[in-house]
Each structure stands twice: as C-alpha cells, then as structure tokens.
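# Chain and residue survey
Chain by chain, the residues:
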Amino acid sequence: MDYRPLLNASKLPDVKTTIFTTVGNLAKEHNAIDLSQGFPNFEAEEELKSLVTKAMREGHNQYAPMQGYYGLREQISEKIESLHNRKYHPESEITVTVGATEAIFTAITAFVGKGDEVIVIKPAYDCYEPAIIVNGGKPVYVQLDAPNFKIDWTAFQRKITDKTKMVIINTPHNPSGTILSKWDMEQLEAILKPTNIILLSDEVYEHIIFDEQTHESASRFPDLAQRSFVCASFGKTFHVTGWKIGYCAAPSELMAEFRKVHQFAVFCVDHPVQRALAEYLKNPSHYLDLNNFYQEKRDFFLNGIKSSKFKFKPTQGTYFQLLDYTNISLEEDEVIGKRLITQNSLASIPISSFNVNNRNDYMLRFCFAKKQETLEQAIEILCSL
Ligand code: PMP
Ligand code: GLN
C-alpha cells in the first residue's frame with residue numbers, strides 16, 4: 001500500500017500560506033511598492049545595532065537563561081510599572097519570547113485543550129486561530145462591523161459558555177487601527193470577573209497610538225491583570241521585525257505554566273539581542289517618541305490621499321490604515337487588491353482574510369511604516385485611481 005502521510009493526519013487541514021506571504025510574493029514579482037506586510041522599510045537606529053555588535057564582541061554568544069536575560073526582564077518590568085502602574089516581578093512574571101507570535105502560541109498551548117472555547121474578535125490577526133485549533137480548541141467568533149469596529153459587549157457576553165477557556169483581545173488593533181478605551185476594558189473586566197477565563201492581550205502596537213490617546217493595557221486593570229498574558233513585540237517598537245523578539249508578562253502562577261511550554265518549544269531567545277535591548281530600554285524616549293514618529297507618517301499619508309476617491313477614518317493606533325474603495329469599485333477586496341499590484345504596482349492587504357467567512361468589507365489595509373519617498377509614490381498611485 002502507498003504510504004499517504006496526510007491521509008486524515010493534518011491537524012490544520014484548512015490552513016493555507018498566509019496572506020502576508022502570498023501578497024508579498026506577488027508584490028515582489030511585479031516590483032510593486034509594498035504597503036502590504038507590516039514592516040518598516042527604513043533602518044533601525046545605529047545605536048541599537050551597535051549594542052548588539054558590542055554584546056557579541058563581549059562574548060554573549062551562548063544560550064541565554066530560559067526565561068530571558070535578567071537585565072532585560074528588569075527593564076521590561078520597570079517599563080510596565082512606569083507606564084501602567086503594575087509591578088511584574090522580573091524573576092517569575094516576565095518571559096522573553098521569539099516575537100509576540102511565540103508568546104501567543106505558548107500561552108494558548110499552555111492552557112487550551114480539546115473542546116475548550118476561545119473567543120476571538122474578528123477581524124483578527126492570523127496567528128490566533130491555528131494555535132487554538134492545533135491544540136484541539138475551538139475559536140468562537142465575535143465579528144465587528146466596519147467602519148467603526150466597535151465591540152458590542154452584550155453580544156460578546158453572549159458568546160461566553162462554561163467551555164470558554166480564554167478570550168483574545170488586540171489593542172491597538174490590527175487590521176482596523178482601532179483601540180480599546182478605558183470604558184471597553186472596564187466592560188471586559190466586569191464580564192470576566194465572575195469567571196475563570198484567561199485573557200490573552202495582544203499589545204504589540206502598544207507604543208503606536210495617536211492623537212494623545214492612552215494605551216489601555218490589560219495590566220492597568222487589576223482584575224484583568226490577574227488573569228492576563230500581556231504580549232508585546234520589540235520588532236514593532238524598534239523597527240526590527242526580523243529580529244523576532246518580544247515578551248510576555250503574566251502573574252507567576254500563569255507564567256509558571258507558560259514556561260513549561262516555552263522551555264521545550266524554544267528554550268531561550270537570541271542572547272546578544274537581549275543584552276542590547278536591555279541597554280537600549282534604559283532610555284524611555286526610544287519607545288515614547290514612537291507615537292509622534294508614526295503620527296507624522298499617518299498624517300502625511302492621509303493628507304496625501306485626501307483628494308483621492310478612497311474613504312477612511314484616521315487610524316487610532318498601529319501602523320496600518322484601512323481605505324474604503326467603494327467609490328472606485330464594488331469588487332471583492334482580493335480582486336481589487338490583486339489588480340492594484342499587477343496593474344498599478346501597489347501592494348496592500350485585503351482584510352477579508354481576517355474576517356469570519358472572509359466577509360468582504362470593501363477595504364484594503366495599507367502599512368505606512370515606510371520612508372517618505374515610498375509613501376509619496378503610493379500616494380501618487382492612490383490619487384490616480
Ligand atoms: N500580533 C499582531 C496583531 C501583529 O500584527 C503581529 C505582527 N506581525 C504579531 C502579533 C506578531 O509579532 P512578532 O513579529 O513580534 O511575532
Ligand atoms: N504583523 C504583520 C502584519 O500584520 C505580518 C507578520 C507576518 O507576516 N506574519 O502585516
């Protein structure tokens with residue numbers, strides 16, 4: 001008999017190559033200006049790069065501690081305390097991870113098992129659901145509606161059952177660029193209070209938030225914090241998405257379980273980079289200045305396209321802007337997104353891929369973490385449509 005390894009064996013039969021890879025490849029093929037995948041096309045600061053070189057030259061080239069270099073965990077702890085007034089102990093409550101992706105996967109794997117339900121708010125970044133499913137869990141969806149993407153907390157509460165193990169939130173939110181307000185977090189807190197549900201709070205865009213608004217981290221709300229994994233990414237904050245380094249903060253009981261998985265998934269994370277980040281974090285302006293830096297880019301981009309046919313609400317956080325193209329076409333977003341690449345040489349992400357049943361919201365997502373000249377070229381194309 002022929003050996004057929006995948007006959008009934010795939011744990012993720014419905015998972016395809018991610019939209020970021022598919023669109024990114026098409027963009028390269030057509031030499032398009034790439035505003036699709038979320039990464040900066042400008043350099044990280046020299047100071048940070050030299051700190052990594054210095055750490056390597058000083059010989060920090062062997063395994064780091066499993067939980068992360070202690071000096072980095074101390075800096076993370078101080079940062080969270082100064083911004084959100086909650087103390088996470090560096091020894092037992094902070095772990096350095098391979099990007100936020102590993103933090104998310106590890107937290108889900110540590111707690112979600114067969115038959116457990118996890119509430120996922122859609123549109124959602126694409127790494128949550130495969131992690132739930134591969135562990136035997138079931139994503140339960142709360143679909144938000146364009147253009148405001150507001151959570152109806154009554155509808156949310158109706159999704160909670162005695163099987164709900166975890167809730168995943170993401171603020172600032174990819175792809176909509178909305179943020180959860182203090183009021184939203186209080187609603188969530190009140191709903192979760194009588195339960196044992198764990199909260200996974202994806203806060204990778206914590207330092208990219210505009211118009212003087214505040215990032216309402218789950219760590220600010222005592223009842224949420226005691227049940228939360230707060231996940232973050234240095235890739236987003238320091239323009240180094242390729243370094244794949246992030247962290248996770250959670251109360252010690254939760255973190256102990258998390259580390260049982262982390263130590264066998266990766267054991268530890270790139271050592272010289274951790275040493276460098278520990279130094280770099282000592283200057284808070286390195287992350288506090290990011291809001292203004294990206295707000296200028298957002299405003300430049302939106303000002304440039306204000307005479308175009310696209311409709312938009314200025315993004316409140318993240319480096320993504322959604323544009324509604326209904327004045328141009330009523331086609332599926334994947335169709336118009338593809339044509340923009342092949343005919344107009346501009347790449348974006350169709351957000352249907354983040355929605356339940358790939359619902360079309362007639363919107364494309366553009367990443368404005370780009371050099372001025374790249375944004376200018378994109379603006380010219382968008383205004384010509
Ligand atoms: N969550 C969201 C919402 C993201 O946009 C990203 C970025 N890719 C991640 C998690 C993963 O972050 P990292 O690259 O640090 O793994
Ligand atoms: N977070 C990035 C985005 O939303 C994508 C990272 C990836 O390709 N997995 O564009």
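Described below are features of the structure shown in this document. (Residues numbered from 1 in each chain as written. Chains lettered and ligands numbered in written order. Predicted model: local features only at pLDDT ≥ 70, side-chain atom pairs only at ≥ 80, totals over all residues. Heavy atoms only, no water.)

### Description of the pairing of strand 2 (residues 94–97)
Each regular strand displays side chains that alternate between the two surfaces of the sheet. Heads up, the condition is: Only protein chains enter the calculation, and the probe is 1.4 Å; a residue is then buried if its accessible area is under 20% of its type maximum, exposed if over 50%, and partly exposed in between. We count a stretch as a helix when DSSP gives it H or I for four or more residues in a row; a strand needs E for two or more, and each element gets its number in order from the N terminus. Paired strands, as defined in this entry, are two strands with at least two bridges between them according to DSSP.
Here strand 2 shows a buried face lined by I94 and V96 and a second buried face lined by T95 and T97. In this sheet, strand 8 (residues 246–249) lies alongside strand 2 in antiparallel orientation, the contact comprising four bridges. Bridge assignment links T95 to a residue of strand 8, and that residue is C248.

### Looking at the packing of helix 4 (residues 99–111) against helix 10 (residues 252–265)
Quick reminder of the rule: As a rule, the C-alpha atoms of each element are fitted with a line to give its axis, helices using only the stretch in contact, and angles between N-to-C directions run from 0 to 180 degrees. Put simply, angles under 35 degrees are roughly parallel, angles over 145 are roughly antiparallel, angles from 65 to 115 are roughly perpendicular, and the rest are oblique. By the convention used here, residues are in contact when the closest approach between their heavy atoms is within 4.5 Å.
Running from N to C, helix 4 and helix 10 point in directions that differ by 105°, and their axes come no closer than 8 Å. With respect to helix 10, the element helix 4 is oriented roughly perpendicular. Two secondary-structure elements touch here, helix 4 through E102, A103, T106, A107, T109, A110 and F111 and helix 10 through L254, E257, F258, V261 and H262.

### Considering the sheet that holds strand 11 (residues 349–350)
The antiparallel open sheet is built from three strands, whose spatial order is 9-12-11. At either end of the open sheet lies a strand with only one pairing partner, and these are strand 9 (320–324) and strand 11. Note: strand 9 against strand 12 (residues 363–367), five bridges, orientation antiparallel. Residue F320 lies in a different strand from strand 12, and its bridge partner there is C367.

### With respect to the pairing of strand 5 (residues 164–170)
Condition: A crossover gets the label right-handed when its path from the first strand over the helix to the second runs clockwise, viewed with the strands pointing away from the viewer.
Counting buried residues in strand 5 gives six out of seven residues, a clear majority hidden from the surface. Inspection of the sheet shows strand 3 (residues 117–122) paired to strand 5 by four bridges, in the parallel sense. Residue pairing across strands places E117 opposite T164, the latter belonging to strand 5. Read as a crossover between parallel neighbours, the route from strand 5 over helix 7 (residues 182–192) to strand 6 (residues 198–202) is right-handed.

### What to know about the nonpolar core
The condition that has to hold: Nonpolar cores are built from buried Ala, Val, Leu, Ile, Met, Phe, Trp, Tyr and Cys residues. Side-chain atoms within 4.5 Å join them into one set.
With 61 residues, the main nonpolar core has I76, F156, F234 and F238 as its most contacted residues. Contact partners of F238, with chain neighbours within four places excluded, come to A44, L48, L277, Y280, L281, H286 and Y287. With 56 residues, the next largest nonpolar core counts F42, V112, I305 and L323 among its residues.

### Digging into the packing of aromatic side chains
Selection rule: Pairs were defined over the aromatic rings of Phe, Tyr and Trp, the Trp ring being its six-membered one, requiring ring centres within 6.5 Å. Orientation was assigned from the angle between planes: stacked under 30 degrees, edge-to-face over 60, tilted for the rest.
If you walk through the whole model with that rule in mind, you get 20 aromatic pairs. Ring centres of F20 and Y125 lie 6.0 Å apart, and the angle between their planes is 35°; this geometry places the pair in the tilted category. Here F20, found in helix 1 (residues 19–29), pairs with Y125, found in the loop between strand 3 and helix 5 (128–134); they are 105 residues apart in sequence, far enough to count as distant. Taking relative accessible area as the criterion, F20 reaches 9% and is therefore assigned buried. For Y125, a relative accessible area of 24% gives the class partly exposed. Ring centres of Y63 and F267 lie 6.1 Å apart, and the angle between their planes is 80°; this geometry places the pair in the edge-to-face category. Taken as a pair, Y63 in the loop between helix 2 (46–57) and helix 3 (70–84) and F267 in the loop between helix 10 and helix 11 (271–280) lie far apart in primary sequence, 204 residues in all. In this structure F267 comes out as partly exposed when scored by relative accessible area, which is 37%.

### Description of the pattern of salt bridges
Applicable threshold: Basic side-chain nitrogens of Lys or Arg form a salt bridge, by our definition, when they fall within 4 Å of a carboxyl oxygen of Asp or Glu.
A full pass over the atoms with the stated rule returns 17 salt bridges. Where K49 meets E43, a salt bridge forms, and the shortest distance between an N and an O atom there is 2.5 Å. Take E43: its relative accessible area is 59%, and that puts it in the exposed class. In this structure, the salt-bridge partner of D145 is R359, at a minimum N-O distance of 2.8 Å. Taken together, the residues span a long stretch of sequence, with D145 in the loop between strand 4 (138–143) and helix 6 (153–158) and R359 in the loop between strand 11 and strand 12 at a distance of 214 residues. Given a relative accessible area of 27%, R359 falls into the partly exposed group. One salt-bridge network, in which partners are shared between bridges, spans E43, E46 and K49.

### Observations concerning the site of ligand 1
Here is the rule: In these notes, residues near a molecule or strand are those with any non-hydrogen atom within 4 Å of it. Two N or O atoms form a polar contact when they lie within 3.5 Å of each other; inside protein one atom must be a possible hydrogen donor and the other a possible acceptor, and for residues adjacent in sequence the pair counts only when both atoms belong to side chains. Here the accessible surface of atoms and residues is derived via Shrake-Rupley with a 1.4 Å probe, and residues count as covered only by protein chains that are part of the display.
Taken together, the neighbourhood of ligand 1 is formed by 13 residues, with T101, D202, Y205, K236 and K244 sitting nearest. Residue K244 places a side-chain N or O atom 2.6 Å away from an oxygen atom belonging to ligand 1. When ligand 1 sits alone it has 390 Å² of accessible area, and the protein chains cover 93% of it. In terms of residues, the shell around ligand 1 owes the most to one element, helix 4, which gives four residues.

### Observations concerning the sheet that holds strand 3
Spatial strand order, 2-8-7-6-5-3-4: seven strands in an open sheet with mixed pairing. Of all the strands in the sheet, just strand 2 and strand 4 have a single pairing partner and so form its edges. When the angles between neighbouring strand axes are averaged without regard to direction, this sheet yields 20°. Most of the contacts of helix 3 go to strand 2, to which it runs at about 115°, and overall it touches strand 2 and strand 8.

### A few points about helix 3
The cut-off we apply is this: To estimate how far a helix should reach, multiply one less than its number of residues by 1.5 Å.
Counted at 1.5 Å a residue, the expected span for helix 3 with its 15 residues is 21 Å, and the 21 Å between its end C-alpha atoms agrees. Listed as buried for helix 3 are G71, L72, R73, Q75, I76, S77, K79, I80 and H84. Where helix 3 is buried, its residues touch strand 2, helix 9 (234–237), strand 8, helix 10, helix 11 and helix 12 (285–288). Downstream of helix 3 by a residue or two, N85 has a phi angle that is positive, lying close to 60°.

So, to be careful, I would describe these as geometric facts and stop short of saying anything about function.
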